[in-house]
Amino acid sequence: MDRDTRGIVDPAALLTRVRFRRYEPAPGLRPYVENYWFIDWDLPAPYASHILPHPAVNLTFQWDEDDGPAYGELTGVSAPGLYTRKIGGRGRVCGAKFRPGAFRPFVPAVPVSEWTGRVLPYEEVFPATDPAAVLTPADDRDRAAALDAYLLPLAPAEPDPQAELACGLVARIRADRELCRVADLAREEGMSVRSLQRLFAAYVGVSPKWCVLRYRIHEAVEAAGRRADIDWAALAADLGYADQAHLVRDFTATVGVPPTAYP
């Protein structure tokens, strides 16, 4: 089980209200699915959770006692700012987070940018199934096994080299703090900037510049959540920003509050 909370705004507040877990998918799905994530809650009062999304597509099966029968959704990359979800009463979500760049092989005829900013019934993309088969098992391992059983028959028969390239490039952007300019990435990979942009539109759903900014803000949010006495000028330099003002501007535009007002 993975306890990484990057992308969750104020994870301490969320984790006191919900049970949140991550698990690995079956080996045959790991080139495409980064993790399964499960949330259960039973709340006396409504709560709004805020997520700073990764550049990833998510498949979710959901049940909320106030919303009727269980249902499934496909959620593209939530490009602008925060994703907010209000929860209350009792509920459960079982999700599959696809690796950034790895969703396209499941729907090869459609560029991933087609799903960006959209939430739609999963049956518009994948075969229909009974959401209860995923949601009702009491044990997390059984829920993960149900997701495996649903997704494994849908997995691509052959690898997609372009998906593998896109995955590797996003992973590099996430890991390399010194990588701040798309032109540098394109040159080092032997690609034109335009080719890189086309690859990301087709396989990631957002631009390489978007990914650079988002992962740097993830790190800034994580740092802000760990301690109050941050040297923002030093952090800006560490994240590859020209100065503190640029980091503060991007942080505020993305998160909705300046770093000094962050929880």
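In what follows, the accompanying structure is described. (Residues numbered from 1 in each chain as written. Predicted model: local features only at pLDDT ≥ 70, side-chain atom pairs only at ≥ 80, totals over all residues. Heavy atoms only, no water.)

Details of helix H9 (residues 244–255)
- Its 12 residues place the ends of H9 16 Å apart at the C-alpha level, agreeing with the 16 Å of an ideal helix rising 1.5 Å per residue.
- Along H9, the positions that sit buried rather than exposed are Leu247, Asp250, Phe251, Thr254 and Val255. Projection of H9 onto a plane perpendicular to its axis shows the buried side chains occupying an angular sector of 105 degrees, all on one side. Pointing more than 90 degrees away from the buried face of H9 are the exposed residues Ala245 and Ala253.
- Among the residues of H9, the N-terminal cap falls to Asp243, whose side-chain oxygen and the backbone nitrogen of Ala245 are separated by 3.2 Å.
- Just beyond H9, the residue with positive phi is Gly256, at close to 100 degrees. (Helix = DSSP H or I, 4+ residues; strand = E, 2+ residues; numbered from the N terminus. Expected span 1.5 Å × (residues − 1). Buried < 20%, exposed > 50% of the residue type's maximum accessible area, 1.4 Å probe, protein only. Arc of directions from axis to C-beta. Polar contact = N/O pair within 3.5 Å; in protein donor to acceptor, adjacent residues only side chain to side chain.)

Things to note about the packing of helix H4 (residues 161–175) against helix H6 (residues 193–203)
- In the contact formed by H4 and H6, the axes pass within 10 Å of each other and the chain directions differ by 105 degrees. As summarised for this structure, H4 and H6 are arranged roughly perpendicular, according to the angle between their axes. On the side of H4, the interface is formed by Gln162, Ala163, Leu165, Ala166, Leu169, Val170 and Ile173, while H6 contributes Leu196, Leu199, Phe200 and Tyr203.
- Residues belonging to the contact of H4 with H6 are distributed by class as follows: 10 nonpolar, 1 polar and no charged. (Axes fitted to C-alpha atoms, helices over the stretch in contact; angles between N-to-C directions. Parallel < 35°, antiparallel > 145°, perpendicular 65-115°, else oblique. Contact = heavy atoms within 4.5 Å. Nonpolar A, V, L, I, M, F, W, Y, C, P; charged D, E, K, R; others polar.)

Considerations on the sheet that holds strand S5 (residues 83–98)
- Pairing is antiparallel in the open sheet, where 6 strands are placed in the order S1-S2-S5-S3-S4-S6. If you trace the sheet from one side to the other, it starts and ends with strand S1 (18–23) and strand S6 (119–121), each paired once. In this sheet, adjacent strand axes meet at a mean angle of 20 degrees when their direction is disregarded.
- Bridging between S1 and strand S2 (residues 33–51) involves 6 bridges; their strand directions are antiparallel. Looking across to S2, one finds that Arg19 is bridged to Asp40.
- Contacts between helix H3 (residues 140–151) and the sheet are confined to S1, S2, strand S3 (58–64) and S5, with S2 contributing the most and set at about 125 degrees to the helix. (Pairing = 2+ DSSP bridges.)

Focus: the nonpolar core
- Core analysis: the biggest nonpolar cluster contains 31 residues, and Tyr36, Leu59, Phe103, Phe126 and Leu151 have the highest contact counts within it.
- Residue contributions to this core peak at 5 residues, all from H3.
- In this structure Phe103 touches Val57, Leu74, Phe98, Val112, Trp115, Val125 and Phe126, once residues within four positions along its chain are discounted.
- Core analysis: the next-biggest nonpolar cluster, separate from the first, contains 21 residues, Ala166, Leu169, Leu199 and Val204 among them. (Core = buried A, V, L, I, M, F, W, Y, C linked by side-chain atoms within 4.5 Å.)

Observations concerning the packing of aromatic side chains
- This structure, assessed with the given rule, holds 10 aromatic pairs.
- Both rings, one in Phe61 and one in Tyr122, keep their centres 5.2 Å apart while their planes meet at 70 degrees; by these two values the pair is edge-to-face. On the criterion of sequence distance, the pair formed by Phe61 in strand S3 and Tyr122 in the loop between S6 and helix H2 (131–135) is long-range, its members being 61 residues apart.
- Relative accessible area serves as the criterion here: at 0%, Phe61 is assigned to the buried category.
- Measuring from ring centre to ring centre gives 6.3 Å for Phe106 and Phe126, while their planes differ by 75 degrees; the resulting arrangement is edge-to-face. Here the residue Phe106 occupies a position in the loop between S5 and S6, and Phe126 occupies one in the loop between S6 and H2, the gap between them amounting to 20 residues. Comparing Phe106 with Phe126 shows no difference in burial state: the two are buried. (Phe/Tyr/Trp six-rings, centres within 6.5 Å; stacked < 30°, edge-to-face > 60°.)

Remarks on the side chain of Ser49
- Its location among the elements puts Ser49 in strand S2.
- You can call Ser49 buried: its relative accessible area is 9%.
- In this view, Ser49 contacts Leu14, Tyr83, Thr84 and Arg85; residues no more than four positions away in its chain are not counted.

Looking at the packing of helix H7 (residues 208–226) against H9
- Where H7 contacts H9, the axes come no closer than 10 Å and their chain directions differ by 95 degrees. By the angle between their axes, H7 is roughly perpendicular relative to H9. Residue-level inspection shows Leu213, Arg214, Ile217, Ala220 and Val221 of H7 in contact with H9, the latter providing Leu247, Asp250, Phe251, Thr254 and Val255.
- Counted by class, the contact of H7 with H9 contains 7 nonpolar, 1 polar and 2 charged residues.

Comments concerning the environment of Val33
- Positionally, Val33 belongs in strand S2.
- By relative accessible area, which is 0% here, Val33 ends up buried.
- Separated by 213 residues in the primary sequence, Val33 and His246 have C-alpha atoms spaced 34 Å apart.
- Those residues within four positions of Val33 in sequence are excluded, and the remaining contacts are Pro25, Ala96, Lys97, Phe98, Arg99 and Leu151.

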